[in-house]
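# Topology and contacts: notes
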Amino acid sequence: MSETAATTANPLLEPWQTPHQTPPFTEIAPEHFMPAFEQAFADHTAEVNAITHDPATPDFDNTVTALERSGRLLTKVSAVFYDLVSAHSNPAILEIDKEVSLRMARHWNPIMMNAVLFGRIALLHQNRANLGLTSEQMRLLERTYTRFHRSGAGLSEDAKKRMAEINERLAQLGTSFSHHLLGDEQDWFLELGEDDRAGLPDSFVAAARAAAEERGMAGKAIITLSRSFAETFLKSSARRDLREKVYKAFVARGDNGNANDNNEAIVEILALREESAKLLGYPTYAAYRLEDSMAKTPEAVRGLLERVWKPARARALADRDELQAMIAAEGGNFTLAPWDWRYYAEKLRQAKANFDDAAIKPYLALDHMIEAAFDCATRLFGITFSERKDIPVWHPDVRVWEVKGPDGRHKALFYGDYFARSSKRSGAWMTSLRDQQKLDGEVTPLIINVCNFARGAGGEPSLLSPDDARTLFHEFGHALHGMLSNVLFPSLSGTAVFTDFVELPSQLYEHWQERPEVLQKFARHYQTGEPLPEDLLQRFLAARKFNQGFATVEFVSSALVDLEFHTQSAEASRDVRAFEQAELKKIGMPAEVAMRHRPTQFGHIFTGDHYAAGYYSYMWSEVMDADAFGAFEEAGDIFDPATAKRLHDDIYSTGGSVDPEAAYVAFRGREPEPDALLRRRGLSDVPEAV
Ligand SMILES: [Zn+2]
């Protein structure tokens, strides 16, 4: 650290004088983080020690509520840091990340395994019926007890020592897994010469030029390995040789035998997870992980996935034959390969539904879709949005809106960071800089959406694909879950719910994006302002169910492999590639389709444990979202006020303060009906599996 940095004040440790006390990003430099983390760890440890050794008899307030109040500085510094790690990193930040992840594990281990503290919590938990708690307090006590219990707070000292070592090592491995993936994505690009652009829409070429410019190659055009780039290229490039190149690079991320290879990390992660589950008394990591979810058991997860797998696979195989016939009809003398699927599927869709993505993109300008997402929220929940230019951001592309409640009072700030850049990891996500809570007065949330859309070149607006538009609504649905949160305790705020429930608010929100009422109003041509022509709209809606066999196979195969990684002995997956192939063979994976995330790039399950044995969660939530939107259809109005009020009160505002099953039943009046999912994907009428 330079001398000046050491002697000037650290903005992470000062009160923030910005509007709404947002992080002063322009003043924060990498060298501020380590000293701020040190201070935050020390403060938190002192706070927890005071709770642990409080001479007063344990009660809800001096133990559970006191824990909720602890660690504020750590929460604050972490939120800023991890936003930068994911959305705008640099070598200095990534270097600090390595250190922080280990320090974080070392900080949390003694807290979560503190026997005296756990004794206080366990005593309260035992007497919970007699404490006169409100329902939210009861929920918090149960969640707190469960969290400590599942972290190993009740284990022997020897077992705890080993758990601590395992957690530290897992933290390191998860961080290096994500750094490797980012490394492989940053290193690769393909320059597109004039002859390499056959079939590519103008908007794609413009985005490829913008990507080149961003990498200091102005005047050229390149494609990178971001998902929206790679998938659009595979869908539209007429150059079979280049499609093969892009496809192979995309599925090989993390599996190239270079310094970024993730195979060894996977083997070690799986072994450590298995060992920790056994220390805690579970037969497998999946059994451990799923106990604290809506699904509850690996069997329940497998049951759902297999039910969907059969019709999805049958549909994909039938589609494959149709694509092969199309190749033959064109005089192509080759067998359909994985890099051909999207291209011919798109051709078939154009032939069948007379529709292609390129035709609709001019109607899906990013700004119009943001406006649409906001407008639906206004109509459903009465909240309004106005852009603010005075809020500090981490990159000039980031935009900020103030969100006001139906009563006109400040409710939240919403940050949108939409464009791909090399300092950003791939994917799209929602996160927060501050969560809603009102333990000591109202704290309003600061919610972030990050996407990787291709930027429009030369001042042209960014034009979204239908998938991008859906992603925008998806992430905005998560954002609403954070912004509409109305709970007392910080650890129950917004998206702090079971992983297999958390995709309900996001996936449900996607339904509005594909409704004619919404598209007619907001899908306007970016140059002429003309609304989406009726016949194009109808063809777009009809095309939504197209290629669902492929999409479902991509997803379910990934979810099943995730489940197998965590139910079989870790010994079985010592050769990750062989394990992957064997599992895919077992389920009869069509050779022409790849997993949506091959193991070495499966950040969901290997960069942390959040989605480990939990990738199925999207589909579990989809059972609910497909069924939930039916409530609006039955009401005859997709903005029906009474239904929207229930949706707000029971789902979007309750965070983790109620049991998710009870929350769903309160909203819908009954359990979800699972066939809605197959109908939504157009898979309910598929003949029995081949
Ligand atoms: Zn999501």
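Along each chain, the written sequence defines residue order, and numbers are assigned to residues from 1. In keeping with the predicted nature of the model, local features appear solely for residues at pLDDT of at least 70, side-chain atom pairs appear and are counted solely at 80 or more, and the whole-chain, interface and lining totals rest on all residues. Derived side-chain values reflect all non-hydrogen atoms in the structure, with water molecules and hydrogen atoms excluded from consideration.

Attention now goes to empty space enclosed by the protein. Take a probe with the size of a water molecule and roll it over the atoms, and the empty space left behind shows itself. Note on definitions: the grid is 1 Å and covers protein atoms alone; a cavity is a set of points where a 1.4 Å probe fits but cannot get out; a pocket is an open set with protein on both sides within 12 Å along at least five of seven lines; lining residues have an atom within 4 Å of a point. Grid points are joined across faces, edges and corners, and a volume is the space filled by probe spheres set on the points. In this structure the tally under the stated criterion is 5 cavities of 30 Å³ or more. In this model, the largest cavity occupies a volume close to 290 Å³. Every residue lining the largest cavity is counted, 22 residues in all, and those nearest its centre are T224, S226, A420, R421 and S422. Labels follow the DSSP assignment, with helices taken as runs of H or I lasting at least four residues and strands as runs of E lasting at least two, numbered in each case from the N terminus. Looking at the lining of the largest cavity element by element, the count peaks at 4 residues for helix α9 (residues 202–214).

For the rest of this paragraph, the subject is the coordination of the zinc ion. Distances from the zinc ion to its protein donors, H474 (NE2), H478 (NE2) and E503 (OE), fall at 2.1 Å. When the donor residues of the zinc ion are listed from N- to C-terminus, their spacing reads H-x3-H-x24-E. In this pair, H478 sits in helix α18 (residues 466–483) while E503 sits in helix α19 (residues 499–513), placing the two residues 25 residues apart along the sequence. What makes E503 buried here is its relative accessible area of 1%. Here the term donor refers to an N, O or S atom within 2.8 Å of the metal (or 3.2 Å for Na, K and Ca), and because water is left out of the atoms, sites may appear incomplete. Only protein chains enter the accessibility calculation, which uses a 1.4 Å probe; a residue is then buried when its area is under 20% of its type maximum, exposed when over 50%, and partly exposed in between.

Attention shifts here to the pattern of salt bridges. What makes a salt bridge here is a side-chain nitrogen of Lys or Arg within 4 Å of a carboxyl oxygen of Asp or Glu, nothing more. Counted by the stated rule, this structure contains 62 salt bridges. Residue E38 is joined to R103 by a salt bridge in which the shortest nitrogen-to-oxygen separation is 2.6 Å. Pair noted here: E38 is in helix α2 (residues 33–52) and R103 is in helix α5 (residues 91–112), with a separation of 65 residues, a long-range link. By relative accessible area, E38 is classed as partly exposed at 34%. With a closest N to O distance of 2.6 Å, E275 and R162 form a salt bridge. One end of the pair, E275, is in helix α12 (residues 263–279); the other, R162, is in helix α8 (residues 157–187), and 113 residues separate them in sequence. Judged by its relative accessible area of 29%, R162 falls in the partly exposed class. Salt bridges sharing common partners tie together R227, E231, R342, E554 and R596.

Another aspect to go through is the nonpolar core. Burial of nonpolar side chains together is a common tendency in soluble globular proteins. Grouping buried Ala, Val, Leu, Ile, Met, Phe, Trp, Tyr and Cys residues that are joined through side-chain atoms within 4.5 Å yields what is termed a nonpolar core. F476, L480, M483, Y509 and W512 are the most contacted members of the largest nonpolar core, which has 127 residues in total. Listed in part, the 34 residues of the second largest apolar core include A36, V77, A87 and L433.

The next subject is the side chain of E510. Structurally, E510 is set in helix α19. Judged by its relative accessible area of 8%, E510 is buried. Whether two residues are in contact is decided by their heavy atoms: any pair within 4.5 Å suffices. Those residues in contact with E510, other than ones at most four positions away along the chain, are R470, F473, H474 and R680.

The disulfide criterion is simple: two cysteine sulfur atoms within 2.5 Å. Counted under the stated rule, the structure contains 0 disulfides. Left without a disulfide partner, C376 is nearest to the cysteine sulfur of C451, which lies 16 Å away. Classification of C376 by relative accessible area gives buried; the value is 1%.

Moving on to the side chain of T600. Inspection of the secondary structure assignment puts T600 in the loop between α23 (576–586) and α24 (603–606). Judged by its relative accessible area of 2%, T600 is buried. The term polar contact refers here to a pair of N or O atoms within 3.5 Å; inside protein, the definition further demands a hydrogen-donor-capable atom paired with an acceptor-capable atom, and it admits residues adjacent in sequence only when both atoms are side-chain atoms. Within polar-contact distance, the side chain of T600 engages the backbone oxygen of R253 at 2.9 Å. Those residues in contact with T600, other than ones at most four positions away along the chain, are F177, L181, R253, G254, D255, N262, N263 and I266.

What follows concerns the packing of helix α14 (residues 298–329) against helix α22 (residues 548–567). Between α14 and α22, whose axes approach to 9 Å, the crossing angle comes to 150°. Crossing angle aside, the handedness with which α14 passes α22 is left-handed. Contacts between α14 and α22 involve P298, V301, R302, L305, V308, W309, A312, R313, R315 and A316 on the former and, on the latter, G549, F550, T552, V553, V556, S557, A559, L560, L563, E564 and T567. Axis definition: a line fitted to C-alpha atoms, over the contacting stretch in the case of helices. Angles run 0 to 180 degrees between N-to-C directions. A crossing counts as left-handed when the near helix is turned anticlockwise from the far one by less than a right angle, and as right-handed when that turn is clockwise.

The pLDDT averaged across the chain works out to 94; a share of 98% of its residues lies at or above 70. Note on residues 1–6: pLDDT is under 50 here. Beyond four places in sequence and across chains, it has 4 contacts. The pLDDT value expresses, per residue, how confident the predictor is, ranging between 0 and 100.

This paragraph deals with unusual backbone geometry. Positive phi values are uncommon outside glycine, yet Q21 reaches one of about 50°. Tracing the backbone shows Q21 in the loop between α1 (3–7) and α2.

At least two bridges found by DSSP between two strands are what make those strands a pair. Where strand β3 (residues 384–388) meets strand β4 (residues 399–404), 5 bridges bridge the pair, whose relative direction is antiparallel. Across the sheet, residue T384 finds its bridge partner in β4, namely K404. Here β4 pairs with strand β5 (residues 410–419) via 6 bridges, running antiparallel. Its bridge partner lying in β5, V400 is registered against Y415.

As a further point, take the sheet that holds β4. Overall, mixed pairing links the 5 strands, which are arranged β3-β4-β5-β7-β6 in an open sheet. In this open sheet, the two edge strands, each paired with only one partner strand, are β3 and β6 (429–434). Sheet twist, expressed as the mean angle between neighbouring strand axes with direction ignored, is 30°. Seen against the sheet, α18 touches β3, β4, β5, β6 and β7 (446–453) and runs at an angle of roughly 170° to β7.

Here a pair means two rings of Phe, Tyr or Trp (six-membered ring of Trp) with centres within 6.5 Å. Their orientation is stacked below 30 degrees between planes, edge-to-face above 60, and tilted elsewhere. Following the criterion strictly, the structure yields 41 aromatic pairs and no others. When the ring of W394 is compared with that of Y415, the centres are 5.6 Å apart and the planes differ by 25°; the resulting orientation is stacked. Placement of W394 in the loop between β3 and β4 and of Y415 in strand β5 is noted, with a sequence separation of 21 residues between them. The pair formed by W394 and Y415 is uniform in burial state, with each residue classed as buried. When the ring of W512 is compared with that of F629, the centres are 5.0 Å apart and the planes differ by 85°; the resulting orientation is edge-to-face. Note that W512 is positioned in helix α19 and F629 in helix α25 (residues 617–635), a separation of 117 residues in sequence. Comparing W512 with F629 shows no difference in burial state: the two are buried. Feature note: the residues F374, F385, W401, F414, F473, F476, Y509, W512, F629 and F632 constitute an aromatic cluster, connected by ring pairs.

Let's shift gears to the layout of surface pockets. What the second largest pocket holds in volume is close to 380 Å³. The wall of the second largest pocket is formed by 22 residues, among which D202, S203, F204, K361 and L463 lie closest to the centre. If you tally residues by element for the lining of the second largest pocket, the top one is α9, at 5 residues. For this classification, the nonpolar set comprises Ala, Val, Leu, Ile, Met, Phe, Trp, Tyr, Cys and Pro, the charged set comprises Asp, Glu, Lys and Arg, and every other residue, Gly included, is treated as polar. For the lining of the second largest pocket, the per-class residue count stands at 12 nonpolar, 5 polar and 5 charged.

Let us look at the environment of Y247. With respect to the element layout, Y247 can be found in helix α11 (residues 240–251). Considered as a pair, Y247 and L234 are 13 residues apart in the sequence and their alpha carbons are 7.3 Å apart. Contact partners of Y247, with chain neighbours within four places excluded, come to L234, P338, W339 and A594.

We define the bend at any residue as the angle between the axes fitted to the seven residues before and including it, ending there, and the seven starting there. Most pronounced at P505, the bend in α19 amounts to some 25°. By the criterion of burial, α19 is predominantly enclosed, with 15 of the 15 residues buried.

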